[in-house]
Amino acid sequence: MRANSTPSKEPMMTMPDSSPEIHRKLPGHRGFRQNAHWMLIVLYFLVQFPSLFSPVIYHGDERFYTDGAVRMIQTGDYLTPYYSSGALRFRKPIATYWVIAASYKIFGISLFASRIPFLLAGCLVIWFTHKTSLALLKREQEALLAAIVIFSNEQFFVISTRSTPDILQTLFLSVSLYGFANILFNRSKARLDYGCAYLGAALTVATKGLLGMVPVVYAFAFSVIAPKELTRPRNLIDLPVMASAAVVALFWYALILAEHGGFAIGGFLGDQVTERLDGSKVYILKNAMEYLIAVLRHFFPWSLLLVLAFLQKAGSIIDFIKENRYVCLFTGAWFATLYGIFILGNLTRSRYLLPAYPLLAVLFAALLIKATEYAKCSQLIRKVENTLVLSGLAAAVLIALAGARVDFRWSAGGSLLFVFTLVPYLLLFKHSNMGGFAVTGVFLVLLYATFFTFLKPVFSVSPVTSLAQCLAPVSMSKPVRVASIGLPHEYQHQLTLFSDGAVWVAELLDLPGKRQLEQYPALIVSENYREELIGYGYQVQQCGYEYRRWHLKDMLALLNSSQKRQRIASMKEFYYVALPRERPGLLPSH
C-alpha cells in the first residue's frame, strides 16, 4: 500500500465544475469510464495484430536485432550480439536482443515472434500513460484522454510493431517517470514506486544506454526547484532499490568489458556520443525545426485543437498553467529535456522523441479538458472533430468504391473503416466532449490500421515467403548461407525469419566467376542475372516477386484501366533461385 499523501499547498491540476456538459456521462455508468482505457488497449492490440505477420511493414533497423537474436538461439551465446555477417555489434545494449530471443524460445523463430513483445510493450505504454496522469492529476477524465492521445499518436502506432529498442525504451522510461511522479507529487514511500523509478531507468540503460540516466537526474533536478510541500531530494533516495537498479543497469556492460575489453565499450560510446557530435553544428538549427514539426504532425489533431483553443482562450490557458505550474513543468520540461538532447545530434530521427510523448500526452489532455470548460472552445473543438470524422467516413466510402476497380482488399478495408467509425460516432459523439475525443482517437487508429492492413499490401508485396519455400530443400539439415545479387537488404534479413532461421544471405555486388559461386549451395538473383546463371549450368526457378515503386500516375492509370490484372502484372519484378544441376528439388513456379 502506498503511504498516505500529505496535502500540498501547490494546487494540483483540479478542474472547476463550471461546465455541466464536460461532466455528462458516457453511455453506461462510472465504471465504464474507469475501465475505458482497458478497452482502448484491447482495441489497440487487435488492430495492430495483423501487422505482426506482414513483411510489407518493415524497418531496416529491425534486422540488427532479429539477426542477433537468431544467432543467440542457434549458438547459445546470449552475451555477445553479432551482425548477420558474424561481426561483433556493440553499438546498442543487450536488452532488445534478449527480449526477441526470449520470444523465439516461446514461439519459434518468425516475424510474429520478433514483433509480439513490442506490441505488448506499446499496450503497456498506454496503460502507464493513464496511470501517470492519475498520479499527477487525480482525475479519471484527464487520464482517459491522455490514454486516447498516446493511443492515437501516429509515430507511436508505427513504432509499436517494430523489433527495435524504441518502444522498449519508451516503456521503461514511462515506468520510471510514473514512479518518480508518485514520489514527487504524492510523497509516496512505497517500495513499488521506488522500484518503478529506478528499475525503469536501469532497464532503459540496458536497452538504449545513457538515456536511462536522464530520468534520475531529471527527478533530482525537479525536486530541487519544487516547493518543500511536494518533496525534497533526500526523499528520492532508497539505497537498496538504487543498488539493485545499478546492478541491472551495469552487469552486462561489466561482462562484455571483461570478455572483450575496451573495444566493446568504445563501439557503444561511439554510437551514443562521439559519432553523434561530428560535423558542422548548423544541423542543430535544422534538427530544432524538424523535431518541432514532427511533434505537431505526430500529435495531430490534438496539436491543432490545442492551437485553436489557445487562440480562443490564451489568457485562461496561461492562467491555468501558472496555477498548476509544477505539474505542467514536470510534464513539459521532460519533453524540453529530450528535445534539447536530440537536436544536438547529427542524426535527425523523429522517433528519438517518442519517449517524451507519454508525458506530453498527459499535458495535452489536461489542457484540452481545460479548454472544453469554455463554451466557444468546446464548440470549436467539437466542430473540428466532427469535420475530421465525417471526412473520414466519406473517405472510407470512396476507398470501398475504389476497391471495385483496384482490389477487394480496398473494399474490405474501406467498409470496415466506415462501419467501425460510424458505430462509435453514433453511440458516443453527441454524449459528451469525452465522447468526441474517444471517437476521434478510435477513428485515427482505425485509419492507420486500414492503411497498413488493407491498402498498402495491394501495392507492396514481399517475395520472402516464396523464396523461403524454394530454398527449403537446401536448408533441411542445418542453417545455410546462400548468396544474393540484386535482392534488397530488407528481404535478405526477412528471409532468415521466414525460413525459421535456416537461411542466411551473403550479398554479392555482382556475379562472380563460376568457381567462386560453388561455395554457396544456392543463389537468389534478379531478372538481370537469370540468363547468365543458366549459362553456368544452374537450374533457375522463378520464386516470388515485388512491385516496382507505385507513383500516383500509376495508381490513376490502374483506376482508369479496363485491364486491371495486366496493369498490376506489368509492375512486377521477379526474383529467382538458382541451384547447381546436381541439386534437385526446386518447388514449382511461384
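Not measured: the values here are computed from a predicted model.

### Here's the deal with the environment of valine 282
Here is step 1: Positionally, valine 282 belongs in the loop between helix H11 (262-272) and helix H12 (283-298).
Here is step 2: Looking at valine 282, the relative accessible area reads 58%, which means it is exposed.
Here is step 3: With 64 residues separating them in the primary sequence, valine 282 and asparagine 346 have C-alpha atoms 9.5 Å apart.

### Comments concerning the side chain of glutamate 546
Here is step 1: Along the chain, glutamate 546 falls in strand E4 (residues 538-547).
Here is step 2: Within the structure, the side chain of glutamate 546 is placed 2.6 Å from the side chain of tyrosine 575, a separation counted as a polar contact.
Here is step 3: Apart from the residues within four sequence positions on either side, glutamate 546 is in contact with Val461, Pro463, Pro488, Tyr491, Met571, Lys572, Glu573 and Tyr575.

### Regarding the pairing of strand E2 (residues 503-507)
Here is step 1: Of all the five residues making up E2, four are buried; the element is thus mostly covered by neighbouring parts of the structure.
Here is step 2: Strand direction decides the pairing type here: strand E1 (residues 480-485) and E2, joined by five bridges, are parallel. By the bridge assignment, serine 484 is partnered in E2 with glutamate 507.
Here is step 3: Between the parallel pair E1 and E2, the chain is carried across by helix H20 (residues 489-498), and the sense of this crossover is right-handed.

### A closer look at helix H14 (residues 325-342)
Here is step 1: Over its 18 residues, H14 runs 25 Å from end to end, which matches the ideal 26 Å to within 8%, given 1.5 Å per residue.
Here is step 2: Maximum bend of H14: about 25°, positioned at glycine 332.
Here is step 3: Considering only its buried residues, H14 is in contact with helix H4 (111-137), helix H7 (165-186), helix H9 (214-225), H12, helix H13 (302-323) and helix H15 (357-371).

### Overview of the packing of H14 against H15
Here is step 1: It is at 8 Å that the axes of H14 and H15 come closest, and there the two elements cross at 135°. On the basis of their axis angle, the class for H14 and H15 is oblique. The element H14 and its partner H15 pack so that their crossing is left-handed. When H14 is examined against H15, the residues Cys328, Phe330, Thr331, Gly332, Trp334 and Phe335 are found in contact with a partner set consisting of Leu359, Leu360, Val362 and Leu363.
Here is step 2: Its residues assigned to classes, the contact of H14 with H15 comprises eight nonpolar, two polar and no charged.

### Things to note about the state of the cysteines
Here is step 1: Taken as a whole, this structure holds one disulfide when the rule is applied.
Here is step 2: Cysteine 470 shares a disulfide with cysteine 543; S-S distance 2.0 Å. One quick way to see it: the torsion about the S-S bond of cysteine 470 and cysteine 543 is about -95°, and its sign makes the bridge left-handed. Of this pair, cysteine 470 sits in helix H19 (residues 464-471) while cysteine 543 sits in strand E4, and the two are 73 residues apart along the sequence. The exposure classification of cysteine 470 matches that of cysteine 543, with both residues buried.
Here is step 3: Left without a disulfide partner, cysteine 123 is nearest to the cysteine sulfur of cysteine 196, which lies 18 Å away.

### Examining the pattern of salt bridges
Here is step 1: In the structure shown here, the tally under the stated rule is nine salt bridges.
Here is step 2: Arginine 139 serves as the salt-bridge partner of glutamate 142, at 3.2 Å between the closest nitrogen and oxygen.
Here is step 3: Residue arginine 191 is joined to aspartate 238 by a salt bridge in which the shortest nitrogen-to-oxygen separation is 2.9 Å. In this pair, arginine 191 sits in helix H8 (residues 191-207) while aspartate 238 sits in the loop between H9 and helix H10 (239-260), placing the two residues 47 residues apart along the sequence.
Here is step 4: With relative accessibility at 9%, the residue aspartate 238 sits in the buried group.
Here is step 5: A single network of salt bridges, built from pairs that share partners, joins Asp61, Asp166 and Arg351.

### Re the packing of aromatic side chains
Here is step 1: Scanning all chains against the criterion turns up 36 aromatic pairs.
Here is step 2: Ring centres of phenylalanine 49 and phenylalanine 53 lie 5.4 Å apart, and the angle between their planes is 70°; on these two criteria the pair is classed as edge-to-face.
Here is step 3: For the pair phenylalanine 451 and phenylalanine 452, a centre-to-centre distance of 5.1 Å together with 75° between the ring planes defines the contact as edge-to-face.
Here is step 4: When its relative accessible area of 17% is taken as the criterion, phenylalanine 452 is described as buried.
Here is step 5: Members of the aromatic cluster, joined through ring pairs, are Tyr44, Phe151, Phe156, Phe157, Tyr448, Phe451 and Phe452.
Here is step 6: Its end group placed over the ring of tyrosine 82, arginine 71 keeps NZ or CZ at 4.2 Å from the ring centre.
Here is step 7: Its end group placed over the ring of phenylalanine 64, arginine 89 keeps NZ or CZ at 4.3 Å from the ring centre.

### Quick word on the nonpolar core
The nonpolar side chains of a soluble globular protein tend to be buried with one another.
Here is step 1: Core analysis: the largest hydrophobic core is formed by 134 residues, its most contacted members being Leu136, Leu145, Phe185, Trp302, Phe330, Trp334 and Leu353.
Here is step 2: Here this core takes 14 residues from H4, the largest share from any one element.
Here is step 3: Non-local contacts of phenylalanine 330, meaning those with residues more than four positions away in its chain, are made with Leu136, Leu177, Ala181, Leu184, Phe185, Tyr218, Phe222 and Leu359.
Here is step 4: Counting 20 residues, the second largest nonpolar core, distinct from the first, contains Cys470, Leu471, Leu487 and Leu579.

What counts and how
- Residues numbered from 1 in each chain as written.
- Predicted model: local features only at pLDDT ≥ 70, side-chain atom pairs only at ≥ 80, totals over all residues.
- Heavy atoms only, no water.
- Helix = DSSP H or I, 4+ residues; strand = E, 2+ residues; numbered from the N terminus.
- Buried < 20%, exposed > 50% of the residue type's maximum accessible area, 1.4 Å probe, protein only.
- Polar contact = N/O pair within 3.5 Å; in protein donor to acceptor, adjacent residues only side chain to side chain.
- Contact = heavy atoms within 4.5 Å.
- Pairing = 2+ DSSP bridges.
- Right-handed = clockwise from strand over helix to strand, strands pointing away.
- Expected span 1.5 Å × (residues − 1).
- Bend = angle between axes of the 7 residues up to and from the residue.
- Axes fitted to C-alpha atoms, helices over the stretch in contact; angles between N-to-C directions.
- Parallel < 35°, antiparallel > 145°, perpendicular 65-115°, else oblique.
- Left-handed = near helix turned anticlockwise from the far one by under 90°.
- Nonpolar A, V, L, I, M, F, W, Y, C, P; charged D, E, K, R; others polar.
- Disulfide = S-S within 2.5 Å.
- Salt bridge = Lys/Arg side-chain N within 4 Å of Asp/Glu carboxyl O.
- Phe/Tyr/Trp six-rings, centres within 6.5 Å; stacked < 30°, edge-to-face > 60°.
- Lys NZ or Arg CZ within 6 Å of the ring centre and 35° of its normal.
- Core = buried A, V, L, I, M, F, W, Y, C linked by side-chain atoms within 4.5 Å.

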